[in-house]
Structures are given as structure tokens and as C-alpha cells.
Amino acid sequence: MASTFSELQNKYKGQGFFFPSDDIDPEKKDMDWCKQYAEAIYSVYMRDRAAITTSDRAIMAVHRLYGAGKQPVDKYKPMLMGTNKKSDGPGMANGADFLRKGLVNINWEILSVIPKFKQVVLGLFEEIDHTITANSIDESAGIDREKEIYDAWFDKRYGEGFRKMMAELGIESDEPQYLPDSLEEAQIFHSIGGFKTQQEIGLEEAIEATFTLVSDWKTLKRKLIEDALDINIIACRDEYDPETCRFVSKYVDPIGLVAQYTRENDFRNSKYFGHFEDYNVSQLRILTGMSETELSELAMSYCGYNGNPNLDTWNNFNLYNTTNNSWGYDSFKINVFACEWQTVNKKYDTYRTKNGSEIVQKEKFGKVYNSESRKTTVTDVRLMYAAKWIVGSKVCFEYGPLNDQARPNKKDCKSSYHIYKYFGKSLVETIEPNADMIQLANLKLQNGLAKATPAGIAVEFGSLSNMSMGGKLLSPLDILTIQTQTGTLLYKATTHKGVVNMPGGLPIQPMDVGVGKLLQDCISIFEIQLNFIRQAIGIDEYTSMSGNAGQGTATEAKIAVSATNNVLKPMYAGVIYLKESMATSLANRIPIAVLNNPMCYDAYLGILGKSKLEALKISAEKGRLYYGTRLVAKPNDQDKERIAQSAQAALLSGKNGVPQLTWPEYSMVMRTLETGNVKYADALLNYKIRKREAMEEKSRADMLKAQGEDIMRQTQAKVQLDKEMEAFKSDLKIKEMAYEYMFKEDAENTAEERAFLKEMAMKAMDHSNEQEKNTPQIGG
């Protein structure tokens, strides 16, 4: 008879299974070696030596129940009913106490506010997402980007003529999406992520398709956020899907997660990982090739576990159905432990010289030469191995080196598991006591309502006795009837001896009964506990949409929502880290798979197109597989609307009535915006506006400079003209003085000579005066 699953578990709990040696021939790392590794990891898990222990898993399950508002109600019954102390210890109150306290009238359903607050948090991050940008980090990446920059600039200047020439030859060429006006603009475009290589563009599209087309990232993100709120640890993995021949992102339940213990919250130092999957016997028959006897024994050992029938009904399922050619136990669920671990394979290379050239020859494991003609080097190569072990069997499947494994650098290797653990308590664990107080207050209120006495009055009987009216004796009941019907109360304030009959006041007093005080107490409890939950989670009244949400201003509401986001940012940062870590892994794995797997190549052909896919294939062939990824927040509709409005305003007006954008520039910004490149559109808009403002500023400076030069020329001309005028006047004065002297001093000349000289002098003076009249006057 096969061992039961419980006996198999005890086997791995009771003793440790040692890890096999890594320092063996890689050819010998077969199924038995992989099974030994899987058993060792499983034993660590069963002995509570892994990062998540048995007690951790039990506590996680309770936190999840609280997060769903389904925590056990049994914990609240002793708080209301008390306990009976017996000889064998305290126990729950008996049935008589249960009836006496009226607890049979209580609805024990959980009144939990935690799911509401969780939904608010999920709603806050529902529309927030990030796109992946991939950047090659090898030594030749920078050269490629510089080439893209200068190619774009060259295409701007000479591309149109080149395309016309190609069109005349009957060769079509694609119109580039973006061309810079200058090298400066090209550098700006490069600084915001433009001019990516074909490999980088292809990777970004392939990774985005992995998250959106092949996988359901929105659902995965929602599960991760819920785990972050509930249990403070999140996990996922990237995996090659043989059915679609593409990589997918998969959720990993942290309760079933196995990882080597580490103090790092991102588990970067852990060397092995694993999780549990359920397979049907019919699936294992196809995947493993196990004999029917082995499958039958395996199914029998799992009776009573994983929802399988109990062992006493085994004979009803250990039958073959000839109608549909299946066994009765084909649907039994079997635990399969999927795991990965890091190992080291030694690589032996012998270098020798032949015909003047160096030859490298691979050697077998352990074969070493150390001579002048031949020298062997031994290199440690880190690799991730993987296996799926059927727990409790001797069979592994899908074992060996992890296919297309990621390498963040030349020496290291990266697991397909991505884990992030937050420090301290989870948000749900923090507010569990408050949820308990709210539930207890609700139960006590229900119990108070069930046992509450109806409202009534207290009657002082003596002041209503021995009263008569119209000779008729009235009983106290008659007086109460009159008071009820007419509102008139008849009573005796004193006795026949004049003694005060009712020192306490009126004979009828209302009784303070019912649940009024209890109701107020419960309401106060609710408010106090809800406020504490808001403070603990960071969800204020605006965000939680409470009854007081509309009492503040719009500014206060924005501040409140912003504060909420700030409180929850550390939690969401873990989700972002996992997405970025997975993207980095995919950036390394996809090119290798495209290179080595024709089916994978065909699967990605429809997503990327041939040119980008070939670029990825070439990068894998050349060993250029080192890519860094980062996340950029996706723009929302408000960002797009803001840029569109800014572009429209820049097109219509500007300083001095001159538009800041031309129509072609506006069209370029809007086309870029329509493609979803909001960041590029924003940078392009800002650059064009700055460029236009710089051109206008230069134009104004040139105009002012020209005006200054013109004024200076006019000033210089005036000064020169003034100098010439002064010189002319000076010459004229000298002539006049000369003529006068000549007439006075030349007494020896004859009268006829003096008359001739005088006539000539007068003509000279008339000519000088005529010139002075014809001379233009500055400013006149």
C-alpha cells in the first residue's frame, strides 16, 4: 500500500535532505540530481527553515480573512458570553447562558469596513500605470544612439531629395515620424528618450505586449496590491508558455511561496525559490510518462487531500472506464513543487597555438593542461536550474537549466521569481483590532436591542388613591385613563392632614429605558475606530467618500487625496519594483528565445514586425543582451488635454501678437500627441516655443542694433557737416579780410588796377555766398 500524503510530509519534516554538490560534471546534473535538489528545498520548507514558515502562512490566512471581511465569528462569542471554568480548563459558556443572555437573537455575520477601505485603495491605483522603457547598457549602445541622432539630422536636410530620387527609381521609402530642425533639437529629443535603437524599440513593444496582450497585468496588479495590503509580501514570475510560444507574467501566491531566507526585502541574495501547483493525474500521465501503476499509487496517496475523495472510497475510483478510456482517478489533484535554484557549472577551455594562431578547445570536466604549449583555464559559470517535482514521488519533469535565462551582467544570472516583502505589519494587520471593536459594538447593539425593555412610566400610587369626583370614587387606573385620554392628571399633593403626599415630584415619571444610551455609545465607538483606521491606512474622509466628504473646499479635497497617495506610495512602490524587475528579466530572455526558438520567432513576428524582430535576433547573436529597464508613469487624459490646450494657445497668440508656433510645428506636436508620446509632445512643444521666443528676441536685438547704427551714422554725418561749415566760414572770413587789406594797402596800384581787383573780389564773395545758401542745413 502506498504511503499517505501525511506520511510523506512527516518524512520531510523529521529529517533534513542535503543539497547535492554543485562541483560535478554538468552532464551528470540529470533528473536524479535535480530531484535531490528539489527534495532538499522542500525539506527546508517543511522544517520551517525557509523565508515563510508554517506559522507565517497560518497568520497570512487569517489576515486575508480580515481583508475580505470574513474573519471567524467564534472569536467574538466568548467575549460576549464569557467562559465557564471547569476542572479541565476554561470553556465557552453553556447553552443556558447563551439563551439567558439573549444571544440567540444576534446576527453573527461580520460587519467589516476593511473591504471598503481596500476597494478605495485599489480604486486609487486602478488608473495609475507605467510603461516600460528599455535601454541597452553594453559598450556599443552609445555609438548606436549617436548614429541615430546624426542620421535624423541628415534626413532632415537631405532626406526629402533622397526620397524623391528613390521614388523616381520606383523604390518606396518610409516617411520618418520625427525629424529635428537642428542638432540641438536632436539632442533634446535624445535626452527625453528619443532615437532608440531597433533593438530597444522592439524590446519595449515585446515587454508591453507581455503585460497587456499575452498576460492580464491589470488583474495581476490588483492581486499584488491586495497581497500588499493583507499580508505584506507580493510575488510573481515570468514564464515561457509552450502553448503560445511567448513569455507570460504569472501571479504567485505568497502563502505557497518557498524562498531562501534573507534580510533583503527584494530577496536579491536568495539562491533558491519555489511554489506549489496542482496537476491532474491525466496531465501527469502526458508530461511524465509514468506507468499506470505509479500513477495509481500516487493518486491513492493523495486521497483525502486537495479535495480528493477519502481513502475508504478508493475502490470506486480505481477503475478503468472503457466508454471514455479514462481512469476514475484521472481528476485527482496532485501537488507539484516547481522550483529554481542557482548552481555553478565549471567550464574548461584549453588554449594552444597552431600555425601561429591561438586555438581554443573545450575540454571535458576535470581535464586540465598546464604546459607551455597547452594551458587550460577553468571558469565558473552561474546558471539557474529548474525542475517540477511530483511531491512524494521519484519523478521530475521539465528539469535542467532554465530556458533563455536572464543575465543582468556577464557573471550573474537571474531567477524568474520576483518577490518584494514590506517591513513591519501589513495595513490590514494594523487595523484588525479596530475591526474587532466595530464587530463587538455591533453585536452588543444587537443584543441590547433584543433585550431592551419597552419605554414606560413610573407611577406613585399613593397620590392617586382615595380620590373622588362628583361623589364618585376614582381608582388610580381611572385617573391614568383620564390622563391618557385628556392629558389632565388628577392627584393629591397633600394628605387630609396637610402632609406633602409626594416629595419626589409628579406622581407619573417617564422611565429612561430602551437602547438610547447604548446606541450613542456604539456610534461613538464606530466613529473612533473608523477615524483610527483612516489614520492608519491614510484614507481620509474625502477619499473614503464618507458622509462628511462634501463639507470641505475643493482645495482641501485635493490636498487630502494627495496626502492619501503619499501615505500609500511605499506600498505601491513594491508593485512598481516587481514590474520593473520582471521587465528587466524579459528584456534578457526574449531575444535569446527569438534566436533559438523558431516557434517563438513566429509568435513575436505579428507583434514586432520583421525588422525589429531581426534586430533582437542579431543582438542575441552578438551577445548584446544587457538591457536596463525603468518605468515611466503613463500620462492620463488630463496631461494630453493640457498639452493640446497649450499648443492651441501658442498657435493663436504670443508676445507682440506673433504666434509662438507655426502651423507645421503645431501639426507636428499634435501628431506626436496622438501617437501616445505625451512626453515627447510636451518636450517638443516647449522646445519650439523657446526656439520661437529666442528667434523673436534675436530679431528685436537686430532691429535695435540696426536702429542704433543708423542713428550713429546720422550723428557722425552731422558732426562732419558742422566741421566743413565752420571751415567754409573761416575761409570766407579770411578772404574778406584779405580783400579789405588788399584794397587798403595797395595804394601804389593805379585806379584802373584797383577797380579790376575790386570787381574780382566782389565776384568771389558773391560766389562764396551762393555756395553757403545752397549748403543743406542739419536738422533744418
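Residues numbered from 1 in each chain as written. Predicted model: local features only at pLDDT ≥ 70, side-chain atom pairs only at ≥ 80, totals over all residues. Heavy atoms only, no water.

1. A look at empty space enclosed by the protein
Tallying each qualifying case throughout the model produces two cavities of 30 Å³ or more. Counted as a void, the second largest cavity has a volume near 40 Å³. At four residues, helix α10 (residues 217-230) tops the list of elements feeding residues into the lining of the second largest cavity. Taken together, the residues that form the lining of the second largest cavity break down as three nonpolar, no polar and four charged. (1 Å grid on protein atoms, 1.4 Å probe; cavity = no way out; pocket = protein on both sides within 12 Å on 5 of 7 lines; lining within 4 Å. Points joined across faces, edges and corners; volume = space filled by probe spheres on them. Helix = DSSP H or I, 4+ residues; strand = E, 2+ residues; numbered from the N terminus. Nonpolar A, V, L, I, M, F, W, Y, C, P; charged D, E, K, R; others polar.)

2. Digging into the layout of surface pockets
Size it by volume and the second largest pocket reaches roughly 710 Å³. Forming the boundary of the second largest pocket are 28 residues, of which E239, Y240, P242, K388 and E398 lie nearest the centre. Secondary structure elements with two or more residues in the lining of the second largest pocket: β4 (233-241), β5 (246-251), β7 (272-280), β10 (333-354), β12 (374-390) and β13 (396-401). Ranked by residue count, the leading element in the lining of the second largest pocket is β4, at five residues. Per-class residue counts for the lining of the second largest pocket are 13 nonpolar, four polar and eleven charged.

3. Here's the deal with the sheet that holds strand β14 (residues 417-421)
The strand order β5-β4-β14 describes an open sheet built from three strands, whose pairing is antiparallel. At either end of the open sheet lies a strand with only one pairing partner, and these are β5 and β14. The mean inter-strand angle of the sheet, taken between neighbouring strand axes irrespective of direction, is 15 degrees. With five bridges joining them, β4 and β14 adopt antiparallel strand pairing. Within β14, the residue paired with A235 across the bridge is I419. (Pairing = 2+ DSSP bridges. Axes fitted to C-alpha atoms, helices over the stretch in contact; angles between N-to-C directions.)

4. Overview of the packing of helix α11 (residues 281-288) against helix α12 (residues 292-301)
In a packed pair of helices, the relevant descriptors are the angle between the two axes and the axis-to-axis distance. Relative to each other, α11 and α12 sit at 145 degrees, their axes nearing to 11 Å. Crossing handedness for the pair α11 and α12: right-handed. In this structure, α11 contributes V281, L284 and R285 to the contact, and α12 contributes E292, L295, L298 and A299. Residue composition of the contact of α11 with α12, grouped by class: five nonpolar, no polar and two charged. (Left-handed = near helix turned anticlockwise from the far one by under 90°. Contact = heavy atoms within 4.5 Å.)

5. Section: helix α9 (residues 198-214)
By the largest-angle criterion, E208 marks the main kink of α9, which is about 25 degrees. Within α9, burial applies to Q199, E200, G202, L203, E204, A206, I207, A209, T210 and F211. (Bend = angle between axes of the 7 residues up to and from the residue. Buried < 20%, exposed > 50% of the residue type's maximum accessible area, 1.4 Å probe, protein only.)

6. With respect to the environment of L473
Inspection of the secondary structure assignment puts L473 in strand β17 (residues 472-474). Residue classification places L473 among the exposed positions, given a relative accessible area of 60%. Residues in contact with L473, not counting those within four places in the same chain, are N466, M467 and S468.

7. Some thoughts on unusual backbone geometry
We note that C245 has phi near 60 degrees; this positive angle belongs to a residue other than glycine. Tracing the chain through its elements places C245 in the loop between β4 and β5. A positive phi angle is found at E398, which is not glycine, with a value near 50 degrees. For E398, the position within the fold is in strand β13.

8. Focus on the confidence of the model for the chain
In the predicted model, the chain carries a mean pLDDT of 77, and 68% of its residues have values of at least 70. Counting contacts from residues 87-95, a segment whose pLDDT is below 50, to residues more than four positions away or on other chains yields 18 contacts. Within the model, the stretch residues 545-563 combines pLDDT values under 50 with 14 contacts to residues more than four positions away or in other chains. (pLDDT = per-residue confidence, 0-100.)

9. A look at α10
For α10, spanning 14 residues, the distance from its first C-alpha to its last is 20 Å, which sits close to the expected 20 Å at 1.5 Å a residue. Along α10, the positions that sit buried rather than exposed are W217, L220, K221, L224, I225, D227, A228, L229 and D230. Phi for N232, located one or two positions after α10, is positive at around 70 degrees. (Expected span 1.5 Å × (residues − 1).)

10. Quick notes on the pattern of salt bridges
In this structure the tally under the stated criterion is 21 salt bridges. Between E226 and K118 there is a salt bridge; the shortest N-O distance is 3.7 Å. Residue E226 is located in helix α10, and its partner K118 is located in helix α6 (residues 114-126); the two are separated by 108 residues in the primary sequence. Among the ionic pairs, E126 bridges to R222, the shortest N-O distance being 3.5 Å. Here E126, found in helix α6, pairs with R222, found in helix α10; they are 96 residues apart in sequence, far enough to count as distant. Here E126 falls in the partly exposed class, since its relative accessible area comes to 31%. A single network of salt bridges, built from pairs that share partners, joins R237, E239, K250 and E340. (Salt bridge = Lys/Arg side-chain N within 4 Å of Asp/Glu carboxyl O.)

11. Looking at the packing of helix α1 (residues 5-14) against helix α2 (residues 31-46)
Two elements in contact, α1 and α2, have axes whose closest approach is 8 Å; the angle formed by their N-to-C orientations is 90 degrees. Judged by the angle between their axes, α1 and α2 are roughly perpendicular. In this structure, α1 contributes F5, Q9, Y12 and K13 to the contact, and α2 contributes E39, Y42, S43 and M46. Split into classes, the residues belonging to the contact of α1 with α2 amount to four nonpolar, two polar and two charged. (Parallel < 35°, antiparallel > 145°, perpendicular 65-115°, else oblique.)

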